[in-house]
Amino acid sequence: MKTRYVLAGFLAIMAGMIGYAIVFQEAFVAFLKHPAIYSHARFLHIGAVTLFFANAVVGMLWEQRSLASGNKEVIMHTYNTVASLDSRLSSPLIILSVVGGLSLSVHLGELWQIGWLSVSFLLFLLSGVVWIVGDIPTQYKTKRIISSLKPEDETLPDELLRLLKQRWWISMAGVVPLAIVFILMVYRPEITAVADWLR
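Keep in mind that what you see is a predicted model, and the values were worked out from it rather than measured.

Basis of the calculations
Residues numbered from 1 in each chain as written. Predicted model: local features only at pLDDT ≥ 70, side-chain atom pairs only at ≥ 80, totals over all residues. Heavy atoms only, no water. Core = buried A, V, L, I, M, F, W, Y, C linked by side-chain atoms within 4.5 Å. Buried < 20%, exposed > 50% of the residue type's maximum accessible area, 1.4 Å probe, protein only. Helix = DSSP H or I, 4+ residues; strand = E, 2+ residues; numbered from the N terminus. Phe/Tyr/Trp six-rings, centres within 6.5 Å; stacked < 30°, edge-to-face > 60°. Axes fitted to C-alpha atoms, helices over the stretch in contact; angles between N-to-C directions. Parallel < 35°, antiparallel > 145°, perpendicular 65-115°, else oblique. Left-handed = near helix turned anticlockwise from the far one by under 90°. Nonpolar A, V, L, I, M, F, W, Y, C, P; charged D, E, K, R; others polar. pLDDT = per-residue confidence, 0-100. Expected span 1.5 Å × (residues − 1). Bend = angle between axes of the 7 residues up to and from the residue. Contact = heavy atoms within 4.5 Å.

1. Some remarks on the nonpolar core
The biggest cluster of nonpolar side chains holds 12 residues, and these are L67, I75, M76, Y79, A83, I145, I146, L149, L156, L160, L163 and L164. For this core, the secondary-structure elements that each account for two or more residues are α4 (72–108), α5 (115–147) and α6 (158–187). Broken down by element, this core gets its largest block of residues, 4 residues, from α4. With 11 residues, the next largest nonpolar core counts F52, L93, V98 and F124 among its residues.

2. Looking at the packing of aromatic side chains
Throughout the structure, instances matching the rule amount to 5 aromatic pairs. Between F52 and W131 the ring centres are 6.0 Å apart and the planes differ by 70°, which places this aromatic pair in the edge-to-face class. Note that F52 is positioned in helix α3 (residues 37–69) and W131 in helix α5, a separation of 79 residues in sequence. For the pair formed by F52 and W131, the shared burial category is buried. For the pair F53 and F182, a centre-to-centre distance of 5.0 Å together with 55° between the ring planes defines the contact as tilted. Of the two residues, F53 sits in helix α3 while F182 sits in helix α6, which places them 129 residues apart along the sequence. Among the aromatic residues, those joined into a cluster by ring pairs are Y20, F24 and F28.

3. A short note on unusual backbone geometry
You will see that R188, though not glycine, has its phi angle at about 45°, which is positive. By secondary structure assignment, the location of R188 is in the segment after α6.

4. Examining the packing of α3 against α4
Axis separation between α3 and α4 bottoms out at 7 Å; the angle between their running directions is 155°. Classified by the angle their axes make, α3 and α4 are roughly antiparallel. Relative to α4, α3 is oriented so that their crossing is left-handed. When the residues that make up the contact of α3 with α4 are grouped by side-chain class, the tally is 20 nonpolar, 14 polar and 3 charged.

5. Side note on the confidence of the model for the protein chain
The pLDDT averaged across the protein chain works out to 86; a share of 97% of its residues lies at or above 70. For the protein chain, helix α1 (residues 3–23) is the element with the lowest average pLDDT, namely 76, and α6 is the one with the highest, namely 92.

6. Section: α5
With 33 residues, α5 extends 47 Å between its outermost C-alpha atoms, agreeing within 8% with the 48 Å of an ideal straight helix rising 1.5 Å per residue. Most pronounced at D135, the bend in α5 amounts to some 30°, and the proline P137 follows within four residues.

7. Brief notes about the environment of I22
Of note, I22 is situated in helix α1. Take I22: its relative accessible area is 63%, and that puts it in the exposed class.

8. Comments concerning the side chain of T78
Secondary-structure assignment places T78 in helix α4. Taking relative accessible area as the criterion, T78 reaches 2% and is therefore assigned buried. Ignoring anything within four residues of it in the chain, the contact list for T78 reads W62, E63 and S66.

And the structure:
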């Protein structure tokens, strides 16, 4: 199955969940507040967030090492593997992270009224926007160039190498907010809640 169909499928699931939460808000909140859900949600959230973050960081480092090798086969194999993992592993992990995180948040109180929690959620959304706006278009351009390559080509086009290097900076911009989220989740500092920013 093509990567874009997998990615589109998981994005559709996420959009459906958001739509359900908006239309059936009381039922959704009642489900998340169910006492039996808490321990499962905590395990799900910690596991999904950790795997998602680790996949992002390892993918960045792996791509950087492959580019440093200058070997066409290594670069192509690395890119194809990382792109596949992004859609087949990261996409469901994002959904599980959000579901688990929202379930835990309703036990703490109003999401936007708790400083560390509201800022964490905002940073998580920022990271998602960076990847959607920056990485997905870059991946499509990269795949288009890759599909035009011939097996006998010994080197990769400069445009492709430029795009692969650009992915490093896009990934860095997406990972830094997640690293901050990890710190906020663990230490839970007393900071101003997002709801109070404009007051």
